[in-house]
Amino acid sequence: MKKIIVVGGGAGGLELATKLGRTYGRKKRAKITLVDRKASHLWKPLLHEVATGAMDEGIDAISYRAHAKNHSFEFHMGSLCDIDRDRKCIRLAELKDEDGELLVPERELEYDILVMAIGSTSNDFNTQGVSDNCIFLDSPEQAHLFRTEMNNEFLKLHTKSGEGSVDIAIVGGGATGVELSAELHNAVRELNIYGYSGLDSSKLNVTLIEAGERILPALPPRISSAAHNELMELGVNVKTSTMIVKAEEDGLITKEGEKISAGIMVWAAGIKAPDFLKEFGGLETNRINQLIVKDTLQTTRDDSIFVIGDCAACQQSDGSMVPPRAQAAHQMASLCFKNIVAMVSGLEMKSYVYKDHGSLVSLSRFSTVGSLMGNLTKGSMMIEGRLARIVYISLYRNHQIAIHGLFKTGLMMFVSRINRVLRPSLKLH
Ligand SMILES: Cc1cc2nc3c(=O)[nH]c(=O)nc-3n(C[C@H](O)[C@H](O)[C@H](O)COP(=O)(O)OP(=O)(O)OC[C@H]3O[C@@H](n4cnc5c(N)ncnc54)[C@H](O)[C@@H]3O)c2cc1C
């Protein structure tokens, strides 16, 4: 029986493992294994909502073990640390508890086909002081850390009857920075409703810093300018063409020597694949550690290894790289599934072509802006407001459908409606 291992149960990996489990695992035609260093999955584009409390991850997170049982694959919790391509096995680092006590020793797992889907982390470009003083929004734990610091600052302000302000600086004017800035203003309004007197938008100083000439540089200029205007209306201080060269305990230093004071600093300026991939089994990587793949999504040096999502360096026919986005991870998971089926059946594989369906940016409850691409729109069409909100939410719904199927996703939507009545609109604890 063939052994297929997917490492990384994120936006791409969990969808792929689920499909492989349903197709091969259920009929015991292949042994499907998912490896992740965490016990549960949370769709990464929701992290900024977890950070501000707009989302309760306890409700939306999926337990890998329960999901594996329902979809006929095995789950191993552990962190991939090495590979032996000659023996076709991967090594998982030992697992320890919070006190450093050994839970599970180092293990090896054998594969016939390996899929790497371990995503990316924030790239601080070795900027001085960033790793010590800034929060990265790469995982639910980091989102929690941000929420704790934010709530502490708001509590202090509330206790001082609103004297002073909460200063938050966010580096990186991409989707993460823009969405987080808007969510923060929503959080302040909600906290005021829940009894944090003296707290309103005028007490929140959010500075969004972007090195380029405009925020959302990957999106058409009219969308970035719409988002820029919305943020300014909310009271966000947007600083473009501003390069941060150093992070200190109480603020950020720009290239021009200006200090942007802040109690909480978030770094969301660019990504890289995990550092250990640089030396991973002699596979070819690029300067941000992504594994270079052919158009079939197989690595350039080993056909038994596929790579999907943010950790894949996949060049498109026009020479540009597939962007690190959830929609790319979703599409790659679908094509990788087809190519694994083709490989197992001895059929010809297909080439991956990235289909850009557009990009949407949520400005919390205030607005949603973005563009749709496709035949119907004959290129790119800007959308805003309610329609944009529906399309934005449908991205997550598509992910849920790929994982749970239509019926269960429908039930989850129903439960989330009920929760809107039962639970506070902001996670307060
Ligand atoms: C705050 C935020 C907002 C975003 N918003 C959007 C958006 O609106 N639209 C959009 O298209 N994209 C968005 N993105 C980008 C999107 O989240 C990623 O492109 C997408 O999640 C990539 O999917 P992936 O499967 O490659 O990796 P991920 O979803 O990151 O999953 C990687 C998985 O690998 C596991 N893992 C990592 N290292 C190891 C290891 N050594 N061993 C075992 N397991 C490991 C992790 O625990 C994780 O489960 C956003 C990202 C962030 C951070």
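Residues numbered from 1 in each chain as written. Predicted model: local features only at pLDDT ≥ 70, side-chain atom pairs only at ≥ 80, totals over all residues. Heavy atoms only, no water.

Going by the annotation in an unreviewed UniProt entry, the name recorded for the chain is NADH dehydrogenase, with Veronia pacifica given as the source organism. Taken verbatim from the UniProt record of the chain, the Sequence similarities (unreviewed entry) comment is "Belongs to the NADH dehydrogenase family." (UniProt positions renumbered as here; feature names shortened; annotations may be inferred.)

Caption draft 1: Main features of the nonpolar core. Membership of the largest hydrophobic core comes to 54 residues, with the highest contact counts inside it found for Ile 90, Met 116 and Leu 297. Residue contributions to this core peak at 7 residues, all from helix α9 (residues 326–345). Apart from the residues within four sequence positions on either side, Leu 297 is in contact with Ile 305, Phe 306, Val 307, Ile 308, Cys 314, Met 332, Leu 335, Cys 336 and Tyr 352. Among the nonpolar cores identified, the runner-up in size contains 49 residues, and Phe 146, Leu 199, Val 206 and Ala 226 belong to it. (Core = buried A, V, L, I, M, F, W, Y, C linked by side-chain atoms within 4.5 Å. Buried < 20%, exposed > 50% of the residue type's maximum accessible area, 1.4 Å probe, protein only. Helix = DSSP H or I, 4+ residues; strand = E, 2+ residues; numbered from the N terminus. Contact = heavy atoms within 4.5 Å.)

Caption draft 2: Fine view of the side chain of Ser 224. Mapped onto the fold, Ser 224 is located in helix α8 (residues 221–234). Leave out the neighbours within four places in its chain, and Ser 224 touches Arg 214, Ile 215 and Leu 216.

Caption draft 3: Looking closely at the sheet that holds strand β10 (residues 107–110). Across the sheet, 3 strands lie side by side as β6-β7-β10; this open sheet has antiparallel pairing. Edge strands, defined here as strands with exactly one partner in the open sheet, are β6 (80–84) and β10. The average angle at which neighbouring strand axes cross in this sheet is 25°, direction not considered. Bridge analysis of β6 against strand β7 (residues 89–92) gives 4 bridges, and the strand direction is antiparallel. For Leu 80, the partnering residue across the bridge sits in β7 and is Leu 92. (Pairing = 2+ DSSP bridges. Axes fitted to C-alpha atoms, helices over the stretch in contact; angles between N-to-C directions.)

Caption draft 4: Representation of the domain arrangement of the chain. Each assigned domain of the chain is listed with its residue range as follows: domain 1 (2–120 + 273–345), domain 2 (130–267) and domain 3 (358–422). Between the C-alpha centres of domain 1 and domain 2 there is a distance of 32 Å. The partner domain 2 presents 17 residues to the 14 residues of domain 1 that form the contact. For the pair domain 1 and domain 2, the summed buried area comes to about 1,200 Å², and 62% of that belongs to carbon and sulfur atoms. Considering only the surface of domain 1 that becomes buried against domain 2, His 48, Ala 51 and Thr 52 emerge as the three largest contributors, covering 44% of it. Our enumeration of links across domain 1 and domain 2 arrives at 2 salt bridges. Among the ionic pairs, Lys 38 bridges to Glu 141, the shortest N-O distance being 3.4 Å. Joining domain 1 to domain 2, the criterion identifies 4 residue pairs in polar contact (both at pLDDT 80 or more). At 6 residues, helix α2 (residues 47–52) tops the list of elements feeding residues into the side of domain 1 that touches domain 2. Among the residues forming the side of domain 1 that touches domain 2, the class breakdown is 6 nonpolar, 3 polar and 5 charged. (Domains from an automatic or database assignment. Buried area = accessible area lost by both parts, 1.4 Å probe. Salt bridge = Lys/Arg side-chain N within 4 Å of Asp/Glu carboxyl O. Polar contact = N/O pair within 3.5 Å; in protein donor to acceptor, adjacent residues only side chain to side chain. Nonpolar A, V, L, I, M, F, W, Y, C, P; charged D, E, K, R; others polar.)

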